[in-house]
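What the coordinates show
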Amino acid sequence: MPEKTEIRPAGPTAPPGPAATAKPDSAVIRDALGVGIAVGLSGFAFGVTSAGAGLSLLQTCALSLLVFTGASQFALVGALAAGGNPFTAAAGAFFLGTRNAFYGLRLSTVLGYRAGVRPFAAHWVIDETSAVTLAQPDRRSARLGFTVTGLSLYALWNLTTFAGALGAEALGDTDAWGLDAAGPAVFLALLAPMLKTAVERAAAGLAVVVLMVTLPLLPTGVPVLLAALAAPAVLAVQGRRERASAARAPGAGRAGTAARHNGGAAGHTTTEEDRA
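Attention in this report is confined to the structure presented alongside it.

Definitions and cut-offs
Residues numbered from 1 in each chain as written. Predicted model: local features only at pLDDT ≥ 70, side-chain atom pairs only at ≥ 80, totals over all residues. Heavy atoms only, no water. Helix = DSSP H or I, 4+ residues; strand = E, 2+ residues; numbered from the N terminus. Buried < 20%, exposed > 50% of the residue type's maximum accessible area, 1.4 Å probe, protein only. Contact = heavy atoms within 4.5 Å. Areas by Shrake-Rupley, 256 points an atom, 1.4 Å probe, with all protein chains shown as cover. Patch = residues over 30% accessible without salt bridge, like charges linked within 9 Å, V, L, I, M, F, W, Y side chains within 5 Å. Salt bridge = Lys/Arg side-chain N within 4 Å of Asp/Glu carboxyl O. Axes fitted to C-alpha atoms, helices over the stretch in contact; angles between N-to-C directions. Parallel < 35°, antiparallel > 145°, perpendicular 65-115°, else oblique. Left-handed = near helix turned anticlockwise from the far one by under 90°.

On to the overall build of the chain, then. On a plain count of helices and strands, the chain comes out with 16 helices and 0 strands. Taken across its 276 residues, the chain has 29% of its residues classed as buried. For the chain, the proportion of contacts with a sequence separation of at least 24, taken over those separated by at least 6, is 74%. Accessible area for the chain stands at about 17300 Å²; split by element, carbon and sulfur atoms hold 68% of it.

Another aspect to go through is the environment of R106. Of note, R106 is situated in helix α7 (residues 99-111). In sequence terms R106 and L134 are 28 residues apart; their C-alpha atoms lie 8.8 Å from each other.

Another point: a nonpolar patch on the surface. Nonpolar side chains collect at one region of the surface, where L206, V209, V213, L217, L218, L226 and L229 lie side by side and expose about 610 Å² of accessible area between them. Locating L226 in the fold gives a position in helix α14 (residues 222-227).

Now for the pattern of salt bridges. This model, assessed by the stated rule, comprises 4 salt bridges. Two residues, D31 and R30, come together in a salt bridge whose shortest N-O distance is 3.6 Å. Under the relative-accessibility criterion, D31 is labelled partly exposed at 31%. For D127, the salt bridge goes to R99, with nearest N and O atoms at 2.9 Å. Taken together, the positions of D127 in helix α9 (residues 127-134) and R99 in helix α7 put the pair 28 residues apart, joining distant regions of the chain.

When two helices pack together, their arrangement is given by the angle between the helix axes and by the axis-to-axis distance. Here helix α3 (residues 43-52) crosses helix α5 (residues 70-81) at 20 degrees, and the two axes come no closer than 9 Å. As summarised for this structure, α3 and α5 are arranged roughly parallel, according to the angle between their axes. Here the hand of the crossing between α3 and α5 comes out left-handed. Taken together, the residues of α5 that come into contact with α3 (itself represented by A45, F46, T49 and S50) are Q73, F74 and V77.

In C-alpha cells, the structure reads:
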C-alpha cells in the first residue's frame, strides 16, 4: 500500500502551541504585583506634592481616582506649584497623557476585550500596565498581567495619595524632601533593564538630550512629546546604515553585475529566436 503523503498549505509556520509558550500564572502575578506595589507606593509622593501645591484633599484624591496617569498628575501639580495658569497646566498634563492613546491601540489587539469592557480597561492603560502586558507570551497571560497590575496599582496609588495628602502638613516643606522625583525615579528603574540593544540605548539617550534642551524652553508636556520622536529618528538612522552596509558588502557588486549579464544574455537569446 502506498504511503499516505500529508499535504500542508504553503505559508508561514504556525505559532507554537500553548505548552511551548505558556507562562505560569504565579510568575505573571508575581511580576505584576511587583510593578503595582513598587509604583503604587509613589502615590504618597504625589499626595504630598499636590497638597504642597495648594490643592485640597478632595482635589488631590479626585486626580488620582479620575486621571490616574502619574506623570501627567505630577506635571499638573508641578506647574500649579510654580505659579502657572491652571488651564496651561491642564493642557500640558493632557499632552503628556496622550501617549496612553498609543498604548491603547497596541493593547486593544493584544488583550482582545469585548467592546463593553474596553472603556473600563482604558482607564488602566498606562506605562506600567502596558509594559507588563506586552511582556507576556500569550493573550491569557497578557490579560492576567494587565488585570493584576492595573488593580494593584490603582488601589495602592489612590490609598497612598490619600495618605500623602493627609501627612503633607506633618512633613513641613515638601520641596525640601524632593518627593516629586519619586515617580520619575521609579519609572526609570523599571525602564533601564529593558534597554538591551544599542538601538534602544541610543533612542533613550537621544530622548534625554532632547528633554534636557527643551525642558527650560517649552511648556510642560511638550518636551516629552518631542522626546518621543527620538525612537523613529534612531530607527531611521539605523535603517540607513544597514542599507549602506548591505550595498558595500563583498559580492554585492558582483552579484548585480552577474544579474545584468544574465539579463542581457537572455535578451539576446530571445532576439535570436525571434529571428528564426
